[in-house]
Amino acid sequence: MNSYKIGILAGDGIGPEVVDSACKVIDAIGRKYNFNVSYTYDLIGHAAIEKTGNPLPDSALTMCNNVDAILLGAVGMPLYDNDPSAKVRPEQGLLKLRKSLGLFANIRPITIFDELLFTSSLKPEILKGADILFYRELTGGIYFGTPRERRDNGNVAIDTLRYERSEIERIAHMAFKAASRRNKKLCSVDKANVLESSRLWRETVNELSKNYPDVALTHLFIDNAAMQLILNPRQFDVILTGNMFGDILTDEASQIAGSLGLLPSASVGNKVGLYEPVHGSAPDIAGKNVANPVAAIMSAALMFETAFNRKKEAEDIKRAISQVYADGFRTIDLAQETTKTEKILRTDKFTEKIIESL
Ligand code: NAD
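Just so we're clear, the structure is a prediction, and the values are computed from it rather than from any experiment.

Draft legend 1. Quick peek at the domain arrangement of the chain. Each assigned domain of the chain is listed with its residue range as follows: domain 1 (1–109 + 261–358) and domain 2 (121–256). Of note, the centres of domain 1 and domain 2, computed from C-alpha atoms alone, are 25 Å apart. Contacts between the two partners involve 12 residues from domain 1, matched on the other side by 14 residues from domain 2. When the buried surface of domain 1 facing domain 2 is broken down by residue, F104, N106 and R108 rank first, second and third, together holding 55% of it. Two residues, D251 and R108, come together in a salt bridge whose shortest N-O distance is 3.5 Å. The interface formed by domain 1 and domain 2 includes five residue pairs in polar contact (both at pLDDT 80 or more). Looking at the side of domain 1 that touches domain 2, the elements that each hand over two or more residues are β4 (105–111) and β11 (264–268). With five residues, β4 is the largest single contributor of residues to the side of domain 1 that touches domain 2. Residues belonging to the side of domain 1 that touches domain 2 are distributed by class as follows: seven nonpolar, three polar and two charged.

Draft legend 2. Inspection of the site of the ligand at higher detail. The ligand sits among 21 residues. The nearest are D81, G280, A282, D284 and N292. Within the backbone of N292, a nitrogen or oxygen atom sits 2.9 Å from a nitrogen atom of the ligand.

Draft legend 3. Expanded view of the side chain of T241. Residue placement: T241 occurs in strand β10 (residues 238–241). On the basis of relative accessibility, which here comes to 0%, the residue T241 falls in the buried class. For T241, the residues in contact, after removing those within four places along its chain, are Y135, R136, E137, V189, W201, G246 and L249.

Draft legend 4. Region of the structure containing helix α13 (residues 347–357). Residues of α13 that are buried: T347, F350, T351, I354 and S357. Here the buried residues of α13 occupy an arc of 120 degrees about the axis, which is enough to place them on one side. Those residues of α13 hidden inside the fold are in contact with α1 (15–33), α11 (294–306), α12 (311–326) and β13 (329–330).

Draft legend 5. Seen up close, the environment of P283. In this fold, P283 is placed in the loop between β12 (273–277) and α11. On the accessibility criterion, P283 (40% relative accessible area) is partly exposed. Taking C-alpha positions, P283 is 7.2 Å from P78, a pair spaced 205 residues apart along the chain.

Draft legend 6. Structural view of the sheet that holds β4. Ordered in space as β2-β1-β3-β12-β11-β4-β5-β10-β8-β9, the 10 strands form an open sheet in which the pairing is mixed. The open sheet terminates on both sides in strands that have one partner only, identified here as β2 (36–42) and β9 (216–221). Each adjacent strand pair in this sheet contributes to an overall mean axis angle of 25 degrees, direction not counted. Sheet analysis places strand β8 (residues 185–190) next to β10, joined by three bridges and oriented parallel. What sits directly across from S188, in β10, is L240. In the packing of α1 onto the sheet, contacts are made with β1 (3–11), β2 and β3 (69–74), and the angle to β3 comes to roughly 145 degrees.

Draft legend 7. Examining the nonpolar core more closely. In this structure, I6, L71, Y135, L240, I321 and Y325 are the most contacted members of the largest nonpolar core, which totals 68 residues. With nine residues, the top contributor of residues to this core is α11. Looking at which domains feed residues into this core, each of domain 1 (1–109 + 261–358) and domain 2 (121–256) supplies at least three. Not counting chain neighbours up to four residues away, the residues in contact with Y325 comprise F113, E115, L116, L262, N292, V294, R330, L334 and F350. Of all hydrophobic cores here, the second largest spans 23 residues; its members include F236, A253, A257 and L263.

Draft legend 8. Structural detail: the pattern of salt bridges. Per the stated rule, a full pass over the model turns up 24 salt bridges. Across the salt bridge formed by E207 and R165, the nearest N and O atoms sit 3.2 Å from each other. Separated by 42 residues along the polypeptide, E207 in helix α8 (residues 196–209) and R165 in helix α7 (residues 165–181) bring together distant segments of the chain. Residue E207 is classed as partly exposed on the basis of its relative accessible area, which comes to 37%. The class of R165 is partly exposed, set by a relative accessible area of 33%. Each of E305, K311, E315 and K318 takes part in a single network of salt bridges with overlapping partners.

Draft legend 9. Broad picture of the environment of L249. As for its placement among the helices and strands, L249 is situated in helix α10 (residues 243–256). Taking the C-alpha atoms as reference points, L249 and L260, 11 residues apart in sequence, are found 14 Å from one another.

Draft legend 10. Highlighting empty space enclosed by the protein. This model, assessed by the stated rule, comprises one cavity of 30 Å³ or more. Lining the largest cavity we find 14 residues, and of these L161, Y163, S198, G242 and F245 sit closest to its centre. Among the secondary structure elements, those contributing two or more residues to the lining of the largest cavity are β8, α8 and α10. For the lining of the largest cavity, the per-class residue count stands at eight nonpolar, five polar and one charged.

Quick notes on the rules
Along each chain, the written sequence defines residue order, and numbers are assigned to residues from 1. Local features in this predicted model are restricted to residues whose pLDDT is 70 or higher, and side-chain atom pairs enter the listing and the counts only when it is 80 or higher, whereas totals over whole chains, interfaces and linings include all residues. Each side-chain value is worked out from all heavy atoms of the structure, with water and hydrogens disregarded. Each domain's limits were defined by an automated method or a database of domain assignments. Contacts are assigned to residue pairs that have any heavy atoms within 4.5 Å of one another. Summed over both partners, buried area is the accessible surface (1.4 Å probe) that two parts give up on being assembled. Within this document, salt bridges are pairs made up of a side-chain nitrogen of Lys or Arg and a carboxyl oxygen of Asp or Glu, the two lying within 4 Å of each other. N or O atoms within 3.5 Å of each other form a polar contact, as long as, within protein, one can give a hydrogen and the other can take it, and as long as residues adjacent in sequence are counted only when both atoms are side-chain atoms. Each helix is a run of DSSP H or I of at least 4 residues and each strand a run of E of at least 2, with the numbering of both proceeding from the N terminus. Here the nonpolar group is Ala, Val, Leu, Ile, Met, Phe, Trp, Tyr, Cys and Pro; Asp, Glu, Lys and Arg are the charged ones; every other residue, Gly included, is treated as polar. Residue proximity to a molecule or strand is established when one non-hydrogen atom of the residue lies within 4 Å of it. Per-residue accessibility, obtained with a 1.4 Å probe over protein chains only, is compared with the maximum for each type, and a residue is labelled buried under 20%, exposed over 50%, and partly exposed between these values. What the arc describes is the spread of directions from the helix axis to the C-beta atoms. Any two strands are treated as partners once DSSP identifies two or more bridges connecting them. Each axis is a line fitted through C-alpha atoms, and for a helix only the stretch in contact is used; angles between axes span 0 to 180 degrees, taken between their N-to-C directions. Here, nonpolar core means buried Ala, Val, Leu, Ile, Met, Phe, Trp, Tyr and Cys residues that are tied together by side-chain atoms lying within 4.5 Å of each other. A cavity here means a set of 1 Å grid points, computed over protein atoms only, where a 1.4 Å probe fits but cannot escape. A pocket is an open set with protein on both sides within 12 Å along at least 5 of 7 lines, and lining residues have an atom within 4 Å of a point. Grid points are joined across faces, edges and corners, and a volume is the space filled by probe spheres set on the points.

So, in structure tokens, the structure goes:
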């Protein structure tokens, strides 16, 4: 394919700034590799509520169903965070989008740039060479199971952890396939010593493993996995988890990369996929042209790899970012007082450096 339609939902806070950077890099890659990209824009989050009263207007949903991939910035504003009772909220737009598009798999690569090893809270010698790819189930498990209610005058609270075999199979297939394209190791995380749903999870993953004889499958209990992740992150290749365990583990793993401003994600299902930075709308730095655009740009790279099957282009983007870091350029979030050789750039200038490096 030589032309792609990308839907843009820039959202709130630093969303528009980092998405703008990602689009510039996408354009540069298009010029270099000779393909066309067209963008369609719509609203989500607070920006959408302000204009339409709806955090995900119908026009945005229609747009999302008519593009090859969606690039999202971030949603959220302090006015909602400070008012938990607000009925219409930015994050409802994101949840509705995930649900409508059937995005059941959340993919989060944890890539560590060698030049940034010292910014992590882990020792560089433990971290160097770590490269982990998470597959987290996104539409099932305890966040969605019912009943979910209060009983006995509010003194008893009930949530339900429910998984169906088919829900486990579809994400496990994806994770096995990813592992067979990488280092052929898959670690499935559960709590099968305690939870019945985890026993079904493990049983199902074990059955599927017969279809992927080239992938070495291991299982870890969630508590051990949380420990192993910081004890020896290099032992992992692809990690497969249910919804809640993945929520917690991926945030833990995000810290080993050094900054929230570095991490991309993809949410995929049967139709069009959603590509977005892991970070939120960062209202504290919004509008100041200081946000780190790398997470959004890496999300574009993930889009090239996953949605457009253009691995070379994705690798090229990663190489360009790595080069800019090697040349000593940083956004303010990665500034280290101890290193005098760093050159701190604003978002737009940092993006230009990446494009020059392409
Ligand atoms: P956040 O990720 O927005 O920010 C946390 C901290 O990291 C802040 O100090 C921020 O300045 C910094 N940061 C984040 N991204 C950065 C970047 N690209 N470059 C430099 N620094 C960066 O999380 P938060 O402060 O907890 O939440 C802010 C708002 O975002 C809330 O309304 C929250 O609900 C929302 N949120 C949205 C998403 C999403 O859209 N997927 C995810 C998380 C939070």
